[in-house]
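# Inside the fold
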Amino acid sequence: MKVAIGGPLKVAFRPWVEGLENIPDEGPAILASNHLSFSDSFFLPAVLDRKVTFIAKAEYFTTPGVKGRLTAAFFKGVGQLPVDRSGGRGAGEAAIRSGMDVLERGELFGIYPEGTRSPDGRLYRGKPGGLARVALATGAPVIPVAMIDTEKIQPPGKVLPKIMRPGIRIGRPLDFSRYQGMDHDRFVLRAVTDEVMYEIMKLSGQEYVDMYATAAKRQIAEAAKAEKEAEKAAKAALAQAEKEQAKKDAEQNDEDAARNEDAERNEGAEQHKDEERP
């Protein structure tokens with residue numbers, strides 16, 4: 001990653017970084033970042049000397065085909081941990097255990113508290129289960145990170161990336177040792193997560209939305225579906241109106257033709273009578 005991808009990535013995109021001094025030279029730490037783009041997991045490790053281990057959705061490791069195998073090989077090669085997100089609480093526990101294992105080895109653990117990429121560039125409410133529980137269970141400091149403009153490099157649907165300079169702001173480590181032993185208190189988990197998200201918001205300058213990104217994506221999808229259905233209904237109504245108008249026009253043409261035919265017939269009859277008169 002550092003040599004084959006990290007080097008060329010830094011040369012091509014020249015990402016700017018603030019706060020590198022906040023990353024410890026050794027020992028465990030949690031990097032909690034906003035999530036704007038698939039490339040976030042490339043740019044952040046590329047600018048650090050230390051290895052960062054993220055948890056990644058299992059689909060990156062199980063997708064069939066050539067592209068799927070290459071993707072799986074890449075993620076395995078850079079040490080990312082597959083987590084099945086479809087298994088409910090069991091999947092969440094697996095992710096937490098994976099993060100704790102990384103930190104117990106004295107390494108850096110990367111996590112996106114929003115749980116998924118932002119659908120519109122805004123910062124969404126952090127999920128309290130993973131980040132806060134791992135932080136409180138291990139005592140590792142949480143370092144807030146803000147990715148800047150990475151969503152503009154390769155927006156959804158675009159194949160080729162746009163060459164531009166993304167940014168990375170790294171905040172000061174947050175210590176939550178005051179909550180030690182309270183990693184199952186949901187109010188504490190919420191407070192820890194909200195504090196981290198507030199620091200990320202200050203670093204990123206994003207607008208904060210007090211709802212989960214998954215819910216926002218669902219709303220956006222439902223709105224797009226409703227808009228599509230409305231357009232379909234409008235087109236159907238227009239087609240029906242045009243069909244009815246065409247039918248009316250045809251009937252009117254028939255009536256006009258019939259009247260013209262009657263008028264011609266009457267005119268012919270009158271002319272015939274005039275010709276028969278002595």
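Further up the page is the structure itself.
Below, the structure is looked at part by part. (Residues numbered from 1 in each chain as written. Predicted model: local features only at pLDDT ≥ 70, side-chain atom pairs only at ≥ 80, totals over all residues. Heavy atoms only, no water.)

### Things to note about the pairing of strand 5 (residues 108-111)
Consecutive side chains of a regular strand alternate in pointing toward one face of the sheet and then the other. Here is the rule we go by: A 1.4 Å probe rolled over the protein chains alone gives each residue an accessible area, and that area as a share of the maximum for its type sets the label: buried under 20%, exposed over 50%, partly exposed in between. Per the convention used, a helix needs a DSSP run of H or I reaching at least four residues, while a strand needs a run of E reaching at least two, with both numbered from the N terminus. Strands qualify as paired when DSSP identifies two bridges or more between them.
With burial as the criterion, each face of strand 5 is covered, one bearing Leu-108 and Gly-110 and the other bearing Phe-109 and Ile-111. Sheet topology places strand 2 (residues 29-33) next to strand 5; four bridges connect them, and they run parallel. The partner of Ile-30 across the bridge, within strand 5, is Phe-109. By the bridge criterion, three bridges tie strand 3 (residues 52-57) to strand 5 in an arrangement that is parallel. In the sheet register, Thr-53 faces strand 5, and the bridge partner there is Phe-109.

### Observations concerning unusual backbone geometry
One non-glycine residue, Arg-14, lies in positive phi territory at about 45°. Mapping Arg-14 onto the fold places it in the loop between helix 1 (2-13) and strand 1 (16-18). Residues other than glycine seldom take positive phi values, yet Asp-149 does so here, at roughly 70°. Within the secondary structure, Asp-149 sits in the loop between strand 7 (142-148) and strand 8 (167-170). Owing to a relative accessible area of 25%, Asp-149 belongs among the partly exposed residues under this scheme.

### Looking at the environment of Leu-9
As a reminder, the rule being used: Note on contacts: a residue pair is in contact if any heavy atoms of the two residues lie within 4.5 Å.
Locating Leu-9 in the fold gives a position in helix 1. Residues Leu-9 and Val-47 lie 38 residues apart in sequence; the distance between their C-alpha atoms is 9.5 Å. Excluding residues that lie within four positions of it along the chain, Leu-9 makes contacts with Arg-14, Pro-15, Phe-42, Phe-43 and Ala-46.

### Some details on the environment of Asp-149
A sequence separation of 28 residues divides Asp-149 from Gly-121, and the C-alpha atoms of the two residues are 8.7 Å apart. Setting aside anything within four residues of it in sequence, one finds Asp-149 in contact with Leu-36 and Met-164.

### Some remarks on helix 6 (residues 128-138)
Regarding helix 6, the residues found buried are Leu-131, Ala-132, Arg-133, Val-134, Ala-135 and Leu-136. Positive backbone phi, at 75°, marks Gly-139, one or two positions downstream of helix 6.

### Structural notes on helix 7 (residues 186-204)
Just so we agree on the cut-off: Take the number of residues in a helix, subtract one, and multiply by 1.5 Å to get its expected span. For this analysis, a polar contact is any N or O atom pair within 3.5 Å, provided that within protein one partner can donate a hydrogen and the other can accept it, and provided that sequence-adjacent residues contribute only side-chain to side-chain pairs.
With 19 residues, helix 7 ought to run about 27 Å at 1.5 Å a step, and its terminal C-alpha atoms sit 27 Å apart, in line with that. The set of residues buried in helix 7 consists of Val-188, Leu-189, Arg-190, Val-192, Thr-193, Val-196, Met-197, Ile-200, Leu-203 and Ser-204. A distance of 2.9 Å separates the backbone nitrogen of Phe-187 from a side-chain oxygen at the start of helix 7, and that oxygen is part of Asp-185. Once helix 7 ends, the next one or two residues include Gly-205, with phi positive near 75°.

### Section: the nonpolar core
The tendency in soluble globular proteins is for nonpolar side chains to be buried as a group. Let me state the cut-off plainly: Nine residue types can take part in a nonpolar core, namely buried Ala, Val, Leu, Ile, Met, Phe, Trp, Tyr and Cys, and a core is a set of them joined through side-chain atoms within 4.5 Å.
With 25 residues, the main nonpolar core has Ile-30, Val-142, Phe-176 and Val-196 as its most contacted residues. Ignoring anything within four residues of it in the chain, the contact list for Phe-176 reads Leu-136, Val-142, Val-192, Glu-195 and Val-196. Judged by nonpolar contacts, the second largest core, of 22 residues, contains Ile-23, Phe-42, Phe-54 and Met-164.

### Describing the pairing of strand 8
Across three bridges, the pairing between strand 1 and strand 8 is parallel. Paired with Glu-18 across the bridge in strand 8 is Arg-169. Pairing geometry for strand 7 and strand 8, over four bridges, is antiparallel. Across the sheet, the residue bridging to Ile-148 is Gly-167, located in strand 8.

### Here's the deal with the packing of aromatic side chains
Basically, it comes down to this: Any Phe, Tyr or Trp ring, taking Trp's six-membered ring, that has another such ring centre within 6.5 Å forms a pair; planes under 30 degrees apart are called stacked, those over 60 apart edge-to-face, and the others tilted.
Tallied over the entire structure, the rule returns three aromatic pairs. Judged by centre distance (5.2 Å) and plane angle (90°), the rings of Phe-38 and Phe-42 are edge-to-face. The exposure class of Phe-42 is buried, given its relative accessible area of 17%. Ring geometry for Phe-54 against Tyr-112: centres 5.2 Å apart, planes inclined by 15°, an arrangement best described as stacked. Taken as a pair, Phe-54 in strand 3 and Tyr-112 in the loop between strand 5 and strand 6 (123-124) lie far apart in primary sequence, 58 residues in all. The buried category is assigned to Phe-54, whose relative accessible area is 2%. On the basis of relative accessibility, which here comes to 14%, the residue Tyr-112 falls in the buried class.

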